[in-house]
Amino acid sequence: EPEVTQTPSHQVTQMGQEVILRCVPISNHLYFYWYRQILGQKVEFLVSFYNNEISEKSEIFDDQFSVERPDGSNFTLKIRSTKLEDSAMYFCASSIAGISYNEQFFGPGTRLTVL
Amino acid sequence: GQQVMQIPQYQHVQEGEDFTTYCNSSTTLSNIQWYKQRPGGHPVFLIQLVKSGEVKKQKRLTFQFGEAKKNSSLHITATQTTDVGTYFCAGPRSSNTGKLIFGQGTTLQVKP
């Protein structure tokens, strides 16, 4: 069964450093998402992406964040200058279509620890 | 902004007991989705409800969508240890977006 993959599984970085989290969505999916989950809390939407541009972003997704689809398979989330409060699990998800009637398939997540 | 709330936050049950989690949205939803997250895992889609008053069953799991499409529930009959995890409801911000607003989740512990 196709699945979303994410690398690395765990990233430790110093405050102020840049990190890039990588995702490979399911191959025939067109919509891609990033969510984050601070330990013990709910899943929060960050951004959705379609046709090589951002469809929607949340208030969390400020200028420190960017997304990119550098080739036909990868989808990346970059945090330019990490802060302590960026420590969280980051989930990539994909769906066949962007309308809300399609289930989203989540990757296993990248645990980001900012020291 | 739109809020999705879930209760209870935690539930401990003895294996074989029933379990219910409730989800309420501050706005009418076009549909509601349920996800399960095992400890240390990622959210996994369980089901989507679209119609007002809809009821769907998956083996021991029963999902309901309220008549006003603002609330939903998940009921598990005769829990098993494999049911352990956090159950999230999630509603789209609108019918034209994939953005999901998640509830806080209900964490279910099952004692064997």
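Everything in this summary refers to the structure shown in the same document.

Thresholds applied
- Residues numbered from 1 in each chain as written.
- Chains lettered and ligands numbered in written order.
- Predicted model: local features only at pLDDT ≥ 70, side-chain atom pairs only at ≥ 80, totals over all residues.
- Heavy atoms only, no water.
- Pairing = 2+ DSSP bridges.
- Helix = DSSP H or I, 4+ residues; strand = E, 2+ residues; numbered from the N terminus.
- Axes fitted to C-alpha atoms, helices over the stretch in contact; angles between N-to-C directions.
- Disulfide = S-S within 2.5 Å.
- Buried < 20%, exposed > 50% of the residue type's maximum accessible area, 1.4 Å probe, protein only.

## Things to note about the sheet that holds strand E8 (residues 71-76) of chain B
All names here are of chain B.
Then, in step 1: Pairing in this open sheet of five strands is antiparallel, and the strands run E1-E3-E8-E7-E6 from one edge to the other. Looking at strand neighbours, the two that pair on one side only are strand E1 (4-7) and strand E6 (55-58), the edges of this open sheet. Each adjacent strand pair in this sheet contributes to an overall mean axis angle of 15 degrees, direction not counted.
Then, in step 2: Relative to E8, strand E7 (residues 61-65) runs antiparallel, the two sharing five bridges.

## Considering the state of the cysteines
Then, in step 1: A complete count under the given rule lists two disulfides over all chains for this structure.
Then, in step 2: One disulfide in the model links Cys 23 of chain A with Cys 92 of chain A; its S-S distance is 2.0 Å. A torsion of -60 degrees about the S-S bond marks the disulfide between Cys 23 of chain A and Cys 92 of chain A as left-handed. Taken together, the residues span a long stretch of sequence, with Cys 23 of chain A in strand E3 (residues 19-24) and Cys 92 of chain A in strand E9 (residues 88-95) at a distance of 69 residues.
Then, in step 3: Taking relative accessible area as the criterion, Cys 92 of chain A reaches 0% and is therefore assigned buried.
Then, in step 4: With a sulfur-sulfur separation of 2.0 Å, Cys 23 of chain B is cross-linked through a disulfide to Cys 89 of chain B.

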